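Here is what each chain is made of, one letter per residue.
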Amino acid sequence: MLNFNGKLIEQSAFSLSAANRAFKYGDAIFETLKIKNSSIVFWEDHYFRLMASMRMLRMEIPMEFTLEFLEEEILKTVQASAFKDQARVRLSVFRKDGGKYTPLTNEVDYLVEVSENTSSVKESYRIDLFKDFYNYSGLLSTIKTSNRMLNTLASIYKEENEFDNCILLNEKKGIVEAINANIFIVKGNEVKTPSLEEGCIKGIIRKKVIELLQKNEDYTIVETGISPFEMQKADEVFLTNAIIGIQPVTHYRKKEFATKVGEKLQASLNFLEITAK
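Computed from a predicted structure; not experimentally measured. (Residues numbered from 1 in each chain as written. Predicted model: local features only at pLDDT ≥ 70, side-chain atom pairs only at ≥ 80, totals over all residues. Heavy atoms only, no water.)

1. Structural notes on the overall build of the protein
- When you go through the protein residue by residue, the secondary structure sums to 7 helices and 16 strands.
- Split by element, the accessible area of the protein, about 14000 Å² in all, is 51% carbon and sulfur.
- Put simply, the protein has 37 plus and 39 minus side-chain charges, and the middle of one group is 3 Å from the middle of the other. (Helix = DSSP H or I, 4+ residues; strand = E, 2+ residues; numbered from the N terminus. Areas by Shrake-Rupley, 256 points an atom, 1.4 Å probe, with all protein chains shown as cover. Lys, Arg positive; Asp, Glu negative; His and termini not counted. Charge placed at Lys NZ, Arg CZ, Asp CG, Glu CD.)

2. Regarding the nonpolar core
- W43, M54, I74 and V93 are the most contacted members of the largest nonpolar core, which has 25 residues in total.
- Listed by contribution, the elements that provide at least two residues to this core are β3 (28–36), α2 (43–56), α3 (67–79), β5 (86–95) and β6 (108–116). (Core = buried A, V, L, I, M, F, W, Y, C linked by side-chain atoms within 4.5 Å. Buried < 20%, exposed > 50% of the residue type's maximum accessible area, 1.4 Å probe, protein only.)

3. A word on helix α5 (residues 204–214)
- Most of α5 is tucked away, with 8 of its 11 residues classed as buried.
- Those residues of α5 not exposed but buried are I204, I205, R206, K208, V209, I210, L212 and L213.

4. Quick look at the pairing of β3
- Among the 9 residues in β3, 8 count as buried, and that is most of the element.
- The sheet contact formed by β3 and β5 spans 9 bridges and is antiparallel. Directly across from F30, in β5, lies its bridge partner S92.
- Pairing analysis gives 2 bridges linking β3 to strand β4 (residues 39–40), with the strands arranged antiparallel. Looking across to β4, one finds that I35 is bridged to I40. (Pairing = 2+ DSSP bridges.)

5. Description of the pattern of salt bridges
- Applying the stated criterion to the full structure yields 16 salt bridges.
- A salt bridge links K76 to E73; the nearest nitrogen and oxygen atoms lie 3.1 Å apart. One end of the pair, K76, and the other, E73, are both in helix α3, 3 residues apart, so they sit about a helical turn from each other.
- Relative accessible area serves as the criterion here: at 32%, K76 is assigned to the partly exposed category.
- Three or more residues are tied together by salt bridges with common partners; here these are R21, D27 and R95. (Salt bridge = Lys/Arg side-chain N within 4 Å of Asp/Glu carboxyl O.)

6. Details of the sheet that holds strand β13 (residues 236–241)
- Pairing is mixed in the open sheet, where 5 strands are placed in the order β12-β11-β10-β13-β14. Either end of the sheet is taken by a strand with one partner, and the two such strands are β12 (220–224) and β14 (245–249). For this sheet, the mean inter-axis angle between neighbouring strands, taken without regard to orientation, is 25 degrees.
- The strands touched by helix α7 (residues 260–275) are β10 (182–187), β13 and β14; relative to β14, the strand with the most contacts, the crossing angle is about 170 degrees. (Axes fitted to C-alpha atoms, helices over the stretch in contact; angles between N-to-C directions. Contact = heavy atoms within 4.5 Å.)

7. Things to note about α7
- Between its terminal C-alpha atoms α7 stretches 24 Å, which fits the 22 Å expected from 16 residues at 1.5 Å a residue.
- The elements touched by buried residues of α7 are β3, β10, α5, β13 and β14. (Expected span 1.5 Å × (residues − 1).)

8. Side note on the packing of aromatic side chains
- Taken as a whole and assessed by the stated rule, the structure comprises 10 aromatic pairs.
- Here Y25 and Y101 contribute two aromatic rings whose centre-to-centre distance is 5.5 Å and whose plane-to-plane angle is 55 degrees, an arrangement assigned as tilted. Taken as a pair, Y25 in helix α1 (residues 21–25) and Y101 in the loop between β5 and β6 lie far apart in primary sequence, 76 residues in all.
- Classification of Y25 as partly exposed rests on a relative accessible area of 32%.
- Members of the aromatic cluster, joined through ring pairs, are W43, Y47 and F48.
- Stacked on the ring of F30, the Lys or Arg R90 has its end atom at 3.8 Å from the ring centre. (Phe/Tyr/Trp six-rings, centres within 6.5 Å; stacked < 30°, edge-to-face > 60°. Lys NZ or Arg CZ within 6 Å of the ring centre and 35° of its normal.)

9. A few points about the pairing of β12
- By the bridge criterion, 5 bridges tie strand β11 (residues 190–194) to β12 in an arrangement that is parallel. Bridge assignment links E190 to a residue of β12, and that residue is T220.
- At this point the chain moves from β11, through α5, to the parallel β12, and the crossover so formed is right-handed. (Right-handed = clockwise from strand over helix to strand, strands pointing away.)

Everything listed is a geometric property; what it means functionally is a separate question.
Below is the structure:
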């Protein structure tokens, strides 16, 4: 079941027009949401990121797009699906049909899709670098637009080489993020993650992990540029996204990592999921 502009539609009955701007120009943004016990995990954080992204992309925000309205529309769609308690939702917002590079209007449509959440943390997790193309630094790269060609190519490379994930680099050859996650590296008591200026997605779980580390006197969190060499020398590496939470990395080329810090943070994150939307 899909929700298109508030109307529930069977997936088989839904279609996009040839003038759809998400299809033609990638003129769309999206949020990937985790549903747990019929609630949206960290919904307020997702909502305010969505609003900020729409403003940056000069999309017109409808008056009805309140926190409560969109939450109700999402949960209405979840309740109409077969995955009420443990689901994965994609909320897409795109400019209405028409125009070429210049849109006919900045008004938007929205689409809610619900699927089963089958993701889980893996005990063994191998990564490598994807160096064929770069994720260019700058604020536009921090927004979750539907233009994901780099991620698609990196995913194909990952499958061809039997990795669990790949790390994307920017034009400065610095680490940006994984295909579907932010990245953190641990060396001693210092934890580093690429700054937004490096071009990484402004991840919700990235934000939560930074907040947890800022409150923990045992660690120092630094947002900065990170080289692949630093990752090679790290004690731990872990990835974060809204569906998995924290995925410890166990292997990068010949290097094997510990997983202690990532596992401790996951326990704290699980507690946050219970106590907040």
